[in-house]
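Chain by chain, the residues:
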Amino acid sequence: MALRLTSFVGLRLFQDSTPMLVIPSSDRFVRYRRTKHWDPKWKSLRGQKVMKVELPNFRESFEDLSEEEMRSRLKEQGLLPPRPWTEKPFFLSSTGGIFEPYVPPEGDGKISPIHVQGAKQKLQYLEKKSKTMMAIRKIKSFEEDFDTATFCKHAEDIYIKMHDCIAKKDLENITDYVTERAYPEVIHNIEYKTIHWKYIKNIELPSIVHARCTDVITKENIFGQTTVRFHTQQMLAVYDRFGRLMHGSEIIGKDVLEYVVFEKHLANEYGRWRIHGKIIPDWLPPKEPSPITYVRPVETATPPETAVTETSKIPEKEVSKESNS
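Residues numbered from 1 in each chain as written. Predicted model: local features only at pLDDT ≥ 70, side-chain atom pairs only at ≥ 80, totals over all residues. Heavy atoms only, no water.

Asker: Even after reading the chapter, I still don't get the nonpolar core, so can you show me in this structure?
Answerer: Soluble globular proteins tend to bury their nonpolar side chains together. Counting residues in each nonpolar core, the largest one holds 31 residues, and the members touching the most others are Phe151, Phe262 and Trp273. Breaking this core down by element, the ones donating at least two residues are α5 (129-142), α6 (148-168), β1 (194-213), β2 (223-239) and β4 (254-265). Broken down by element, the residue count for this core peaks at eight residues, all from α6. Not counting residues up to four positions away in its chain, the partners in contact with Phe151 are Phe146, Ile208, Thr226, Val228, Phe262 and Trp273. (Core = buried A, V, L, I, M, F, W, Y, C linked by side-chain atoms within 4.5 Å. Buried < 20%, exposed > 50% of the residue type's maximum accessible area, 1.4 Å probe, protein only. Helix = DSSP H or I, 4+ residues; strand = E, 2+ residues; numbered from the N terminus. Contact = heavy atoms within 4.5 Å.)

Asker: Would you explain a nonpolar patch on the surface in this entry?
Answerer: A surface patch of nonpolar side chains, about 400 Å² in accessible area, is lined by Met51, Val53 and Leu55. With respect to the helices and strands, Met51 occurs in the loop between α2 (43-48) and α3 (67-77). (Patch = residues over 30% accessible without salt bridge, like charges linked within 9 Å, V, L, I, M, F, W, Y side chains within 5 Å. Areas by Shrake-Rupley, 256 points an atom, 1.4 Å probe, with all protein chains shown as cover. Salt bridge = Lys/Arg side-chain N within 4 Å of Asp/Glu carboxyl O.)

Asker: For this particular structure, what's the right way to read the pairing of β4?
Answerer: Each regular strand shows side chains that alternate between the opposite faces of the sheet. As paired elements, β2 and β4 share twelve bridges and run antiparallel to each other. Each bridged residue has a counterpart across the sheet, and for Phe230 the counterpart in β4 is Glu258. Pairing of β4 with strand β5 (residues 274-278) involves four bridges; the strand directions are antiparallel. By the bridge assignment, Glu263 is partnered in β5 with Arg274. (Pairing = 2+ DSSP bridges.)

Asker: Can you help me understand the side chain of Lys193 in this one?
Answerer: Within the element layout of this structure, Lys193 appears in the loop between α7 (183-186) and β1. Within the local environment of Lys193, its side chain forms a polar contact with the side chain of Asn189, the two groups lying 3.2 Å apart. Not counting residues within four places of it along the chain, the set of residues in contact with Lys193 comprises Lys169, Val238, Tyr239 and Met246. (Polar contact = N/O pair within 3.5 Å; in protein donor to acceptor, adjacent residues only side chain to side chain.)

Asker: Honestly, the confidence of the model for the chain in this entry has me stumped. Any pointers?
Answerer: Fine structural detail should not be taken from predicted coordinates in areas where pLDDT scores are low. Per-residue pLDDT for the chain has a mean of 79; in total, 74% of the residues score no lower than 70. Note that residues 307-314 has pLDDT below 50 and, in this model, two contacts with residues that lie over four places away or in other chains. (pLDDT = per-residue confidence, 0-100.)

Asker: Mind showing me how you'd approach unusual backbone geometry here?
Answerer: Phi is mostly negative for residues that are not glycine, and the peptide bonds are mostly trans. With a phi angle near 60°, Asn189 is a residue other than glycine that sits in the positive phi range. Relative to the elements of secondary structure, Asn189 occurs in the loop between α7 and β1. Residue classification places Asn189 among the exposed residues on the basis of a relative accessible area of 51%. The residue Tyr192 is not glycine, and still its phi comes out positive at about 60°. Note that Tyr192 resides in the loop between α7 and β1.

Asker: Even after reading the chapter, I still don't get the packing of aromatic side chains, so can you show me in this structure?
Answerer: Two descriptors summarise a pair of aromatic rings, namely the distance from one centre to the other and the angle between the planes of the rings. In the structure shown here, the tally under the stated rule is eight aromatic pairs. For the ring pair Tyr102 and Tyr259, a centre distance of 5.6 Å and an interplane angle of 45° mean the geometry is tilted. Of this pair, Tyr102 sits in the loop between α3 and α4 (116-127) while Tyr259 sits in strand β4, and the two are 157 residues apart along the sequence. Taking relative accessible area as the criterion, Tyr259 reaches 4% and is therefore assigned buried. Between the aromatic rings of Trp197 and Tyr199, the centroid separation amounts to 6.3 Å while the plane-to-plane angle is 40°, which identifies the pairing as tilted. When its relative accessible area of 17% is taken as the criterion, Tyr199 is described as buried. (Phe/Tyr/Trp six-rings, centres within 6.5 Å; stacked < 30°, edge-to-face > 60°.)

Laid out in structure tokens, this is it:
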């Protein structure tokens, strides 16, 4: 009896110490496949959402392809052949010329308004003044503070500073006073020269004789041009690279009558008035060219002529007689 009890107790203890290996049915985990949709009717549409795309070969060089191969490649990709570049670059800060240039009357600055021809010139100026007034009105629509008297003083200041930059050959600051169109004309033929220029006085106050604006549809490309008449006394002397006087004089001042065109990009908020060119009338006689110094050509030494001996001039008969004697 005791042996049975001990064996039963040992068996009981062994059962309590062993872990539970059997999982109850309520706690079992069932593993299902999650790679398929629960509704199979959308299977065909899910297959269509993935498209195979043929990517181009980016390492292929098109320069090695012929025209036919290039055409077939463009047709495969559904592309049109590239168009040639036909657009021309342009700079909007200035125009390429003077539109409707002012025609100065012949004899201006010499004929007094009391004279018959001078009175006719004044009448013609009044007749053509309507377009100028309309252009000034358009300029005032962009510049509210624009005034002809104030502008003439500002134009005179630009005129003086531009000539000072030419005399000093200051090519960096001269672009503040001249446009891109007038820049090559201003700096032309000033190398290897010494220029002395001085503004002495005004014979007549500067005045606006002509004004025009570009007639375009869009307001972004509106430019204004004004022609200012300067009748001044100046001093100009130009020396060549050897210090020889080519033109003018540093002692004598001369009366100068010029028609200077100023331009501004009115639509540009940061635009400013700059010199765009000068008007030279057709009736003005041509000026004499300045003397130019050239390098003297190298003179090559000519070989001396062979001296003719006296015996060569004596006939052969006389020479034979003298030898016989």
